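What follows is each chain in one-letter form.
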Amino acid sequence: MTAITEPRIGQSYITALREKMPHAVLEERWQTHNQATITVKLDALPEAVRTLYYDHDGWLSTMVGNDERSLNGSFGVYYVLSMEGAEKCHVVVHAAIPEDKPEFPSVTPKVPAAVWYEREVRDMFGLHPVGLPDERRLVLPDDWPEALYPLRKDSMDYRFRPEPTADNETYKFVNDSKVETTVVPLGPLHVTSDEPGHFRLYVDGEDIIDADYRMFYVHRGMEKLAETRMGYNEVTFLADRVCGICGYAHSVAYASSVENALGIKVPARGQAIRSILLETERLHSHLLNLGLVCHFTGFDSGFMQFFRVREKAMTLAEMLTGSRKTYAMNLIGGVRRDILGEQRLSTLKLVGELRTEVKRLIDILMSTPNFEGRVKGVGRLDPQIARDYSPVGPVVRGSGHRRDTRADHPFAGYKLIDTPVHTETGCDILSRTLIRVAEFFDSLAIIEKLLDDTPTGPVLTEDFTYRPHQFALGFTEAPRGEDMHWSMTGDNQKLYRWRCRASTYNNWPVLRYMLRGNTISDAPLIVGSIDPCYSCTDRVTIIDVNKARSKTISYKEMERYCRDRTDSPLP
Amino acid sequence: MLKLLREVFRTGEATVKYPFAPAEVSKDFRGKPEHDSVSCIACAACTIACPPNAIAMETDVEAETRTWSISYGRCIFCGRCEEACPTGAIKLSADFELAVARKEDLTTKAVFRLAKCRSCGEPLAPAKEVAYVADLINAFCTSPEEADRTRLLVATCPECKRKHDVEQVASLGIERQLENRR
C-alpha cells in the first residue's frame, strides 16, 4: 500500500460507528485519503449500513460481491456508501461470508436501496441474503441452471452459455394494488434493438395502479470477461462499451478505480482532458434526452431540431478523440491524446455555436403550448422514496436532493473548478428536463473554463508498478448520474474482480413509484425521463383489473398513443 | 410555432449528400487499420496490444511460415496496434466504409517466412524480425567481431543456445581446474 499523505476525510463516521456499535468493526483500511473500507462482523452488517445511510447522510452507491476464497477463504460483500454529510467521502462496509455457509443477513429491510444488489449477488455468487423480501432472480434467466453461479471463480468458463430449457418466461411480476387491475405487458424484445426490458403495467381503465419490470435480457457478462480474458489496461476499452451513450464515463471510472488502488498520480493535464471529454459526452447525451422528450410529447419537429444540433457535439467528440462515440482515450495513468492549440480553437467555436443554437431551441420548446401540460406534475418521484432508494443524476436532483459526484467527490479535472449543482423541487418530468437544460449550459462553461487554463505538462504517466490484490473505488458523474466502479487487481496483469455499476441501475427501482398514479399514455414519457440508455421496450401488456382482461399492445402503438393521445389502444 | 418556423427557415438544408458525395471526417479520425506487409516484421507486438484480439498470429512450423491476420469484424479502432508497432507498419486510416458482402472478406492476412536456426536448422523466428534485430546490433556493438558474434547469437534458437552454453562451460574444464587446485 502506498502511503497516503493527505489528511484523512471521513474518520468521524467510523469513530461514530465504533461508538454506537462497540466490537462490530473488526478492521479499517484506507485506499485513498477519502476512501475507507471497514470490515464488520457479519451479523452487524445491516445495522452498520443503516447507521451510515440514515444517521450520517450516506447513500448506497453500489454493492460488490467478491469470491475471495483463494485469498482468504471467504466470500466478501462490500456495501459502498457515498457519504454526503459534513465530510464528503466514501465508506465501504465489508463483511466476510464463510465458504461453508454462504449466507448473510439482508440489508434491504433496513435500507431499501440494497434490494437489486442483494438479488444480483445471490444470482451471481450464490450468496443468500437472509430476510430479503424479494426472492426472485434479477440478472439470471429463469431457466438458468440452479447452483451455477457465474462469478464464482470455480464455476464456469466465461464463454459457457447453457441451452434455454423453456420457451416462455416464468418470471413472477409483482402487483401491489389493492383493487383489481388489468395487466399491460411492455416488452421484452424488439428485433432491431439491443436494449430490451419487459414492463408490466397494472391498470384500472387508463390509470396505472402499479408497475413491475425486468431487465437484463442482454446481460453481456462483461465483468467475467474482464477478469478472465483481458489485461488491466485493455479493460478501459471494454468499459468504453458498457454504454452506447455515456461509455467514456465508465472508462474514466474504471481507470480511476485502478489508479486509486495502485496510488497512481495522473498528471493534471490528463485529468483536465478527461473532464473536458466527459462534458462533451454530457452535451450529446442531454441533447439526445431533450430530443426524446420532444418526441414523446408529440413534438417531432423539436426532436429533429435537437438531433440536428446534437450533431455538432458529435463532431466535437470526433475532432478531440478521433471517434464519435467510443473515445478510446483512457489508459491507466492518463489519456492517450493531447488537445492541441488548433483543436482548442475549433472546440471553443463549436461550444459557442452550440450555446446560441440550443438556447433558441429551448426557447421554442418552453413556449410550445402543450409541452408543460404533458410534463408538469407527471411521473412524480417523492423525495422520501428517492432518499430510500439512492437514485442518481437528474432523477434525484429533480426531487430536491443535492447530489452530484462532480461536486461531492471531485475527480479528474473537477478538482480544478467549482461544479455548479442544479436541483428542482417539482419532482416531475419537467424538473428533470430543466435540470438537463441547465447542466447542458454548465457543461459548455466547464469546457471553456478547462480549455482556458488547462494545466501544462504530460497527459499520461507510466511511472507505476502493478501490484496484485489492491482494490479501490472509481467514480464519475455520467449524464445519467453517478457511475461507480470497484476494481481489485489480480495476478498476471489481470483484474481479480471488476464491479461496474451504471447509473441507470440505481434509477430503475424507483421507476415503479414514478409510474403509479399516472395514465398509460404517460408511461413511455416517464420511462424516458429517467433517461435509461433507452430500453427499446417493444410491447406492453395492459391488464385491466376490473375487466380481468389482458391485451398485448405493440410498443409502437403505445408510443403513438403517448404522442397523439387519441384512439386508446385499450380493449 | 412562429419561432419554430423561423428556426426551420434559418437552418435550410441540414442533410448531406452522403453516400452520393464523400463524407468528411476529422483530421485524426480513427478508421480502418491499414497494414503494410513490407515494413512489418511479424514481431507480434500488435497481437499482444490488441484488446479485442482482432489481430492474430499463427505459426505453421511444417510450412515454416507465420501468418499475421486482422479481422475488421472484431476491430474496435482503438489504435493500440499503431502505438505498439516498432516499424510503423500498421496505421489507422480515415476509411470507415468497411461493409463487405462475404464474412471472409473482413479478414486480411500476410504470410511471413520463418528463419532457420543457424545451428540446428529448425524454424526459429520470422526472417524479417531476425534481420531487423541484426541491423540494430551494428548500432550497439563496439567492434565488428562483437557484432558478428551477437548476430550469430540472434539467429540461434534458445535450445541450441542452451546446448552451446553447456558445451562451453564443459570445455572450460572447471572440474579439472578444481582438481588441480586441490
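Residues numbered from 1 in each chain as written. Chains lettered and ligands numbered in written order. Predicted model: local features only at pLDDT ≥ 70, side-chain atom pairs only at ≥ 80, totals over all residues. Heavy atoms only, no water.

## Considerations on the overall build of chain B
Helix and strand content of chain B: seven helices and six strands. Counting from the amino terminus, chain B carries its helices and strands in the arrangement α-β-α-β-β-α-β-β-β-α-α-α-α. Scaling as 2.2 N^0.38, a compact globule of 182 residues should have a C-alpha radius of gyration of about 16 Å, whereas chain B reaches 27 Å, well beyond that. With the C-alpha coordinates of chain B rotated into their principal frame, the extents come out at 110 × 35 × 30 Å. Counting all 182 residues of chain B, 32% fall into the buried class. (Helix = DSSP H or I, 4+ residues; strand = E, 2+ residues; numbered from the N terminus. Rg over C-alpha atoms; globule rule 2.2 N^0.38 Å. Buried < 20%, exposed > 50% of the residue type's maximum accessible area, 1.4 Å probe, protein only.)

## Some details on the pairing of strand β6 (residues 123-126) of chain B
Residue and element names in this part refer to chain B. Here strand β5 (residues 107-116) runs beside β6; their pairing, made up of three bridges, is antiparallel. In the sheet register, A115 faces β6, and the bridge partner there is A125. Here β5 hands over to β6 after six residues, with G121 in that stretch at a positive phi of 85 degrees. (Pairing = 2+ DSSP bridges.)

## Observations regarding unusual backbone geometry
The peptide bond linking B:Y18 to B:P19 adopts the cis configuration, its omega dihedral lying at 5 degrees. Mapped onto the fold, B:P19 is located in the loop between α1 (2-11) and β1 (33-35). Phi at A:S390 takes a positive value of approximately 50 degrees, unusual for a residue other than glycine. Structurally, the position occupied by A:S390 is in the loop between α12 (383-389) and α13 (394-397).

## A word on a nonpolar patch on the surface
Residue and element names in this part refer to chain B. Together, V169, L172, I174 and L178 line one region of the surface with nonpolar side chains, adding up to about 370 Å² of accessible area. Elements represented by at least two residues in the nonpolar patch include exactly α6 (158-172) and α7 (174-181). Within the fold, L172 resides in helix α6. For L172, a relative accessible area of 55% corresponds to the exposed category. (Patch = residues over 30% accessible without salt bridge, like charges linked within 9 Å, V, L, I, M, F, W, Y side chains within 5 Å. Areas by Shrake-Rupley, 256 points an atom, 1.4 Å probe, with all protein chains shown as cover. Salt bridge = Lys/Arg side-chain N within 4 Å of Asp/Glu carboxyl O.)

## Focus on the nonpolar core
In globular proteins that are soluble, nonpolar side chains generally tend to be buried together. Residue and element names in this part refer to chain A. L45, V77, Y79, V93, L201, W508 and L511 are the most contacted members of the largest nonpolar core, which has 148 residues in total. Take this core: its biggest share by element is 13 residues, from helix α8 (residues 268-296). M222, Y232, V242 and A255 belong to the second largest nonpolar core, which has 20 residues in total. (Core = buried A, V, L, I, M, F, W, Y, C linked by side-chain atoms within 4.5 Å.)

## Re the packing of α8(A) against helix α9 (residues 300-321) of chain A
Residue and element names in this part refer to chain A. Running from amino to carboxyl end, α8 crosses α9 at an angle of 165 degrees, the nearest separation of the two axes being 8 Å. Of the possible angle classes, the one that applies to α8 and α9 is roughly antiparallel. Crossing of α8 against α9: the hand is left-handed. In terms of residue class, the contact of α8 with α9 is made up of 17 nonpolar, six polar and two charged. (Axes fitted to C-alpha atoms, helices over the stretch in contact; angles between N-to-C directions. Parallel < 35°, antiparallel > 145°, perpendicular 65-115°, else oblique. Left-handed = near helix turned anticlockwise from the far one by under 90°. Nonpolar A, V, L, I, M, F, W, Y, C, P; charged D, E, K, R; others polar.)

## Brief notes about the side chain of A:S443
One can find A:S443 in helix α15 (residues 429-452). Here A:S443 is in contact with A:E279, A:R282 and A:L283, once residues within four sequence places are set aside. (Contact = heavy atoms within 4.5 Å.)

## Describing the environment of A:R467
Residues and elements named next belong to chain A. As for its position among the elements, R467 is in the loop between α15 and β13 (471-478). For R467, a relative accessible area of 23% gives the class partly exposed. Taking C-alpha positions, R467 is 23 Å from D154, a pair spaced 313 residues apart along the chain. There is a polar contact of 3.0 Å between the side chain of R467 and the backbone oxygen of L262. (Polar contact = N/O pair within 3.5 Å; in protein donor to acceptor, adjacent residues only side chain to side chain.)

## What about the sheet that holds strand β15 (residues 495-501) of chain A?
Pairing between sheet strands relies on hydrogen bonds along the backbone, with the strands arranged either parallel or antiparallel. Residues and elements named next belong to chain A. Ordered by their spatial adjacency, three strands build an open sheet running β13-β14-β15, and the pairing between neighbours is antiparallel. Of all strands in the sheet, those bounded by a partner on one side alone are β13 and β15. This sheet shows a mean twist of 15 degrees between the axes of neighbouring strands, independent of strand direction. Looking at chain direction, strand β14 (residues 481-489) and β15 are connected through six bridges and run antiparallel. For H485, the partnering residue across the bridge sits in β15 and is C500.

## Points about the side chain of A:R512
Residue and element names in this part refer to chain A. Looking at the element boundaries, R512 is found in helix α16 (residues 503-515). You can call R512 buried: its relative accessible area is 15%. In this structure the side chain of R512 is engaged in a polar contact, spanning 3.0 Å, whose partner is the side chain of D176. Setting aside chain neighbours within four positions, we find R512 in contact with V174, D176, D210, A211 and Y213.

## What about the pattern of salt bridges?
Residue and element names in this part refer to chain A. Scanning the model with the defined rule gives 63 salt bridges over all chains in all. For R499, the salt bridge goes to E120, with nearest N and O atoms at 3.1 Å. A residue pair is termed long-range when its members are at least 10 positions apart, and R499 in strand β15 and E120 in helix α4 (residues 115-125) qualify at 379 residues. In this structure, R499 and E120 share a single accessibility class: buried. For R159, the salt bridge identified is with D157, shortest N-O distance 2.9 Å. Residue classification places R159 among the exposed positions, given a relative accessible area of 57%. Residue class for D157 comes out partly exposed when judged on its relative accessible area of 38%.

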